[in-house]
Amino acid sequence: MTALAGALAVVLAVMVWGASSASAGGPTSVLVTSPGSAKATGLYNSDKDYLALEQLLGPLGAGGMKAPSEADLANARQINATWLIHDVTVWRLDRIFPLTDKNAVWIHTAAHASDSRAGNWHLAQQPDRLRALLKKLGMMGKPTSDGYSGIFPLPEEEDTATADTATPDADTGTQTVQASAPTAGGDGTGWWWALPGAAAGALLALVLRPFASRLPLERLRREREPGPRQELRDV
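Residues numbered from 1 in each chain as written. Predicted model: local features only at pLDDT ≥ 70, side-chain atom pairs only at ≥ 80, totals over all residues. Heavy atoms only, no water.

Here we take up the packing of aromatic side chains. Tallied over the entire structure, the rule returns five aromatic pairs. With a centroid separation of 5.6 Å and 55° between ring planes, the pair formed by Phe97 and Phe152 is classed as tilted. Of the two residues, Phe97 is situated in strand 4 (residues 89–98) and Phe152 in the loop between helix 4 (127–136) and strand 7 (167–168); the sequence distance between them amounts to 55 residues. The class of Phe97 is buried, set by a relative accessible area of 2%. Using a relative accessible area of 43% as the deciding quantity, one classes Phe152 as partly exposed. On the basis of an interplanar angle of 75° and a centroid distance of 6.5 Å, the ring pair of Trp106 and Trp121 is categorised as edge-to-face. Here Trp121 lies in strand 6 (residues 119–123) and Trp106 lies in strand 5 (residues 105–110), a separation of 15 residues in the sequence. Here Trp106 and Trp121 have matching classes, each one buried. (Phe/Tyr/Trp six-rings, centres within 6.5 Å; stacked < 30°, edge-to-face > 60°. Helix = DSSP H or I, 4+ residues; strand = E, 2+ residues; numbered from the N terminus. Buried < 20%, exposed > 50% of the residue type's maximum accessible area, 1.4 Å probe, protein only.)

As structure tokens, then:
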């Protein structure tokens, strides 16, 4: 029984270790690039600039389908913010357009890089702070011959927002829908969380099998049964 208790303690430790490593899932980093100036930088979710950029760009789903006029975006530079789960899976893409002749900053947000048609346009609520942060990250430099203008978002045929309600924005006239960042189990990335549990279950079966065969289960069952103890033999 002492050995059995020790084996259970080992299995429990393995299960706890596996759960702690799996619980680190979810959005972890963002890649910020400036195609025109050929600059790039990355931020981790523990960085204060990561949180500031996330807040200044607004929630996923903010805005509406209607794109700004071509005149506004004709001379605007494009800056991209690609948000990652586990540092490898893209769950959100922001294309940021600071206007040259105005202080406004237009933002196009899509839930996935491969589905940029299903994105929304909206104006930054704090353009000065957003510009200052992008400058701090080195994204507001002069265009270079090594860069390019960027890939403009394709127009969307119909709104794919899934929120039940929408409220118009007082400044832009667009609609704002609420959506949340993906959890660790969403976006097809949560299946591997079951691996530590499956491994622990297999280890538990292997460890306990020798002990189960040694337990005097039949003798214990007989001792607990009421009535006389007799054995019939064929002489």
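The rest of the description comes next.
The next point concerns the packing of helix 2 (residues 48–57) against helix 4. Between helix 2 and helix 4, whose axes approach to 10 Å, the crossing angle comes to 145°. By crossing handedness, the relation of helix 2 to helix 4 is classed as left-handed. Facing Lys48, Asp49, Ala52, Leu53, Leu56 and Leu57 of helix 2, the residues of helix 4 in contact are Arg129, Leu130, Leu133 and Lys136. A breakdown of the residues in the contact of helix 2 with helix 4 according to their chemical character gives six nonpolar, no polar and four charged. (Axes fitted to C-alpha atoms, helices over the stretch in contact; angles between N-to-C directions. Left-handed = near helix turned anticlockwise from the far one by under 90°. Contact = heavy atoms within 4.5 Å. Nonpolar A, V, L, I, M, F, W, Y, C, P; charged D, E, K, R; others polar.)

We now examine helix 2. Among the residues of helix 2, those classed as buried are Asp49, Tyr50, Ala52, Leu53, Leu56 and Leu57. Seen from one end, helix 2 has its buried residues packed into an arc of 165°, which puts them on one side. Turned more than 90 degrees from where helix 2 packs its buried face, Lys48 and Gln55 sit exposed. Looking at where helix 2 begins, the residue whose side-chain oxygen comes 2.8 Å from the main-chain nitrogen of Asp49 is Asp47. (Arc of directions from axis to C-beta. Polar contact = N/O pair within 3.5 Å; in protein donor to acceptor, adjacent residues only side chain to side chain.)

Looking now at the pattern of salt bridges. Two side chains of opposite charge can pair, provided their charged atoms sit close to one another. A complete count under the given rule lists three salt bridges for this structure. Between Lys136 and Asp49 there is a salt bridge, and its shortest N-O distance comes to 3.2 Å. Remark: Asp49 occurs in helix 2 and Lys136 occurs in helix 4; sequence separation between them is 87 residues. With relative accessibility at 54%, the residue Lys136 sits in the exposed group. Since its relative accessible area comes to 11%, Asp49 is described here as buried. (Salt bridge = Lys/Arg side-chain N within 4 Å of Asp/Glu carboxyl O.)

Glancing now at the sheet that holds strand 5. Spatially, 2-1-3-4-5-6 is the arrangement adopted by the six strands of the open sheet, whose pairing is antiparallel. The outermost strands of the open sheet, each flanked by one partner alone, are strand 2 (39–44) and strand 6. Looking at each pair of strands side by side, their axes are set apart by 20° on average, direction ignored. Where strand 1 (residues 27–34) lies against strand 2, six bridges are found, and the strand directions are antiparallel. In the sheet register, Thr33 faces strand 2, and the bridge partner there is Ala40. (Pairing = 2+ DSSP bridges.)

Moving on to the environment of Ile151. Relative to the helices and strands, Ile151 is located in the loop between helix 4 and strand 7. Sequence separation between Ile151 and Pro35 is 116 residues; the distance between their C-alpha atoms is 8.9 Å. Once residues within four sequence positions are removed from consideration, Ile151 is found in contact with Gln78 and Arg95.

Averaged over every residue, the pLDDT of the protein chain is 74; residues scoring 70 or more account for 53%. Across residues 18–23, confidence stays below pLDDT 50; counting only partners more than four residues off in sequence or on other chains, it has five contacts. For the stretch residues 157–179, pLDDT sits under 50, and the model shows 39 contacts to residues farther than four places along the chain or on other chains. (pLDDT = per-residue confidence, 0-100.)

A separate point is the pairing of strand 5. Of all six residues in strand 5, six are buried; the element is thus mostly enclosed. Here strand 5 shows two buried faces, one formed by Val105, Ile107 and Thr109 and the other by Trp106, His108 and Ala110. Linking strand 4 to strand 5, which pair antiparallel, is a turn of six residues. Alignment of strand 5 against strand 6, held across five bridges, turns out to be antiparallel. Of the residues in strand 6, the one forming a bridge with Ala110 is Gly119.

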